[in-house]
Structures are given as C-alpha cells and as structure tokens.
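Listed below, chain by chain, are the residues.
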Amino acid sequence: MSEPTPPQEPLLDAATAADQSPADAIAGEPADAAASTPVVDTLPSIEEQFRALELKAAEHYDAWLRAKADAENIRRRALEDVAKAHKFAVEKFAGELLAVKDSLEAALAVPEQTVDSFKSGAELTLKQLVAAFEKNSLTEINPVGEKFDPHRHQAIGMVDSDQEPNTVVTVLQKGYLIAERVLRPALVMVAKGK
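The present account deals with the structure reproduced in this document. (Residues numbered from 1 in each chain as written. Predicted model: local features only at pLDDT ≥ 70, side-chain atom pairs only at ≥ 80, totals over all residues. Heavy atoms only, no water.)

## Some words on the overall build of the chain
What counts, and what does not: We count a stretch as a helix when DSSP gives it H or I for four or more residues in a row; a strand needs E for two or more, and each element gets its number in order from the N terminus. Here, Shrake-Rupley sampling with a 1.4 Å probe gives the accessible areas, and only protein chains in the shown set may cover a residue.
Check the secondary structure of the chain and you find six helices and six strands. Sequence-ordered secondary structure for the chain, helices as α and strands as β, is α-α-α-α-α-α-β-β-β-β-β-β. Accessible surface, the chain as shown: approximately 16,000 Å² in total, 60% of it carbon and sulfur.

Written as structure tokens, this is what we have:
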C-alpha cells in the first residue's frame, strides 16, 4: 500500500514571483493586494515642522533672555555687596574704638585730677585700645634683637653695637600688622658690622 502524499502549495510562475515582495510571498498573497492598500503619510508637513521649530526657537530665546537677566542681576548684586563691604569695612573696628573715646572723654570731664588718677585712667584706656586692636587682628611689631627685615622694618640709621650685624638695636617707633599685612613698618636702628 502506498502512503498518501501531503498536499502541495500551488507553484507560482516566475513572473508572478518576481512581482511579489518576500513578505507577500510568505503570506501567499499577490503583490497587487499590497498595492491596493492606501499608504498613509505619517510625517508632518513642512509647515508643521517649521512651526514646531519656530516654537522651539522661541522657547530657547526666552530661556536665553532669562539667563542673561539673571546673570546681570547677580553681577549688579555683587557690585553692590563689594561697595557695601568697602563702605562699612571699618564698622566693627570703629565700634571697638567708641569705648576708648568714651573713656578719654570721661577722664577729661573729671574736674580735679591727680597725677596718679590721670595715669591709671590712661593705662585703662590703653588696655581698651590694645584689646580693640587684638579683636581686629591689628598686631604690634616690636623687633628689638631680631634680624632686620626690610619688609617689616624701616632702618633710620646704623649704630655700633655688640649685637650681630643687621640686627635691630633700638625701636624708635613700633610698627603694626593687620592680618599679617604691614600697616606701618617699625622705625629702627640697626647694628653695624664690625
């Protein structure tokens, strides 16, 4: 007995097979069926694309204008802050000096002063002044015995001395530093070399 043969698909002639796309050939549909379905254009029109680009450009321009205005405001505020810092830089120090001024005025207001009371009042006032200097990083330069430093000292002259050459022998006027920067150099006499 012979076995039944499986059903075979119809064979296409070469002309029909050439017209069909590979997907149509697999589905078994003729090429004309795909051509009969309308093709839908999914791309927006040029005018729509142009309007969308114009909107994006306007958004970017608006964002740029806002960023420019913000930068200008920051620059203006920074200039105002610097101006205020310059204007009121001595406010803290001036507040400390008010107590010194008050003490001096109180000392002068006393009708009958003795030398001892005047001296003790002057010493207390000097202590207030030194405290104000310390609070505001104003330090004294008193370089007796130190090596001469032209950045911190100003030599008035040289004297014969038993000390090493170029050593400060005498301080004629103390110098001052403000936060490690020389406000006034110390006026000094320096030892001569032997």
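## Some details on the packing of helix α5 (residues 91–109) against helix α6 (residues 115–135)
The cut-off we apply is this: Here an angle of 0 to 180 degrees is reported between the N-to-C directions of two axes, which are lines fitted to C-alpha atoms, with helices fitted over the stretch in contact. Throughout this description, any angle smaller than 35 degrees is read as roughly parallel, any larger than 145 degrees as roughly antiparallel, any in the 65 to 115 degree range as roughly perpendicular, and the remainder as oblique. Throughout, a residue-residue contact means that at least one pair of heavy atoms, one from each residue, lies within 4.5 Å.
Packing of α5 against α6 brings their axes to within 9 Å, and their N-to-C directions diverge by 180°. Judged by the inter-axis angle, α5 sits roughly antiparallel to α6. Between α5 and α6, the residues in contact are K92, F93, E96, L97, A99, V100, S103 and L104 and T125, Q128, L129, A132, F133 and K135, respectively.

## Structural notes on the packing of aromatic side chains
Short version of the rule: Pairing of aromatic rings covers Phe, Tyr and Trp, the last through its six-membered ring, and needs centres within 6.5 Å; plane angles under 30 degrees mean stacked, over 60 mean edge-to-face, and all others mean tilted. The classification of residues rests on relative accessible area computed with a 1.4 Å probe and restricted to protein chains. Under 20% of the type maximum is buried, over 50% is exposed, and intermediate values are partly exposed.
Inspection of the entire model under this criterion finds three aromatic pairs. Taking the centre distance of 5.9 Å and the plane angle of 75° together, the rings of F133 and Y176 count as edge-to-face. A residue pair is termed long-range when its members are at least 10 positions apart, and F133 in helix α6 and Y176 in strand β4 (residues 175–178) qualify at 43 residues. On the accessibility criterion, F133 (18% relative accessible area) is buried. By way of ring pairs, the aromatic residues F93, F133 and Y176 are connected into one cluster.

## Describing the sheet that holds β4
Put simply, the rule is: Pairing between two strands requires that DSSP report at least two bridges joining them.
The strand order across the open sheet built from three strands is β1-β4-β5, with neighbouring strands paired in antiparallel fashion. Of all the strands in the sheet, the pair left with one neighbour each is β1 (138–141) and β5 (181–184). Here the strands of the sheet are splayed against their neighbours by 35° on average, with no regard to which way each runs.

## Remarks on the sheet that holds strand β3 (residues 168–173)
Taken together, the three strands give an open sheet; going across it, the order is β2-β6-β3, and neighbouring strands pair in mixed fashion. Strand pairing shows two members of the sheet lacking a second neighbour, β2 (153–159) and β3, which therefore form its edges. Between one strand axis and the next, the sheet turns by 30° as a mean value, whatever way the strands run. Where β2 meets strand β6 (residues 186–191), six bridges bridge the pair, whose relative direction is parallel. Counterpart to H153 in the pairing with β6 is A186.

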